[in-house]
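Next come the chains, spelled out residue by residue.
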Amino acid sequence: MIPGGGQPNMQQLLQQAQKMQQELAQAQEELARTEVDGQAGGGLVKATVNGSGELRGLVIDPKAVDPEDTETLADLVVAAVQAANENAQQLQQQKLGPLTQGLGGGMPGLPF
């Protein structure tokens, strides 16, 4: 057998894996700090989530508050949070997608 004949250098592989792990951790930290918005009802309800999808804020325009119709308000809140989470998922794909491709195309628990 020829020394190094096509065999990957284990040390190099470990270093690459550690580097990718560090880059992934940095990207996840950045996501946790980044906030994205979603809205519903033409902006009557706005939700803010971080890049990990954690709800960070909710703004409800007083025009959306009708004591006789709380169901519509609840629907608007749900829609705004869903829109914000969709934006967070897009951000996750932008930030983490290239990193996870180097790890075999995906990671358990991530939406891509």
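Above this text is the structure in question.
This section reports on the structure supplied with the text. (Residues numbered from 1 in each chain as written. Predicted model: local features only at pLDDT ≥ 70, side-chain atom pairs only at ≥ 80, totals over all residues. Heavy atoms only, no water.)

1. Quick notes on the overall build of the protein chain
From N to C terminus, the protein chain includes two helices and three strands. In sequence order, the secondary structure elements of the protein chain are arranged as α-β-β-β-α. Looking at the protein chain as shown, the accessible area adds up to about 7800 Å², and 50% of this sits on carbon and sulfur atoms. (Helix = DSSP H or I, 4+ residues; strand = E, 2+ residues; numbered from the N terminus. Areas by Shrake-Rupley, 256 points an atom, 1.4 Å probe, with all protein chains shown as cover.)

2. With respect to the nonpolar core
With 17 residues, the main nonpolar core has V36, V45, A47, V49, L76, A80 and L96 as its most contacted residues. Elements with a contribution of two residues or more to this core: α1 (10–33), β1 (35–40), β2 (45–50) and α2 (70–101). Non-local contacts of L76, meaning those with residues more than four positions away in its chain, are made with A40, G41, V45 and A64. (Core = buried A, V, L, I, M, F, W, Y, C linked by side-chain atoms within 4.5 Å. Buried < 20%, exposed > 50% of the residue type's maximum accessible area, 1.4 Å probe, protein only. Contact = heavy atoms within 4.5 Å.)

3. Re the sheet that holds β2
Taken together, three strands build an open sheet; the order of strands is β1-β2-β3 and the sheet is antiparallel. Unpaired on one side and paired on the other, β1 and β3 (55–60) mark the two borders of the sheet. Strand-to-strand, the axes of this sheet are offset by a mean angle of 15°, without reference to chain direction. Where β1 lies against β2, six bridges are found, and the strand directions are antiparallel. Along β2, the bridge assignment pairs V36 with V49. (Pairing = 2+ DSSP bridges. Axes fitted to C-alpha atoms, helices over the stretch in contact; angles between N-to-C directions.)

4. Some details on the pairing of β2
Of all the six residues making up β2, five are buried; the element is thus mostly covered by neighbouring parts of the structure. In the sheet, β2 pairs with β3 via five bridges, with the strands oriented antiparallel. Considered in β3, the bridge of T48 is made with G57. Once β2 ends, the chain turns through four residues before running back antiparallel as β3, passing G53 with a positive phi of about 95°.

5. Here's the deal with the pattern of salt bridges
The full count for this structure, using the stated rule, is three salt bridges. Among the ionic pairs, K95 bridges to E30, the shortest N-O distance being 2.6 Å. One end of the pair, K95, is in helix α2; the other, E30, is in helix α1, and 65 residues separate them in sequence. By relative accessible area, K95 is classed as partly exposed at 31%. Judged by its relative accessible area of 30%, E30 is partly exposed. (Salt bridge = Lys/Arg side-chain N within 4 Å of Asp/Glu carboxyl O.)

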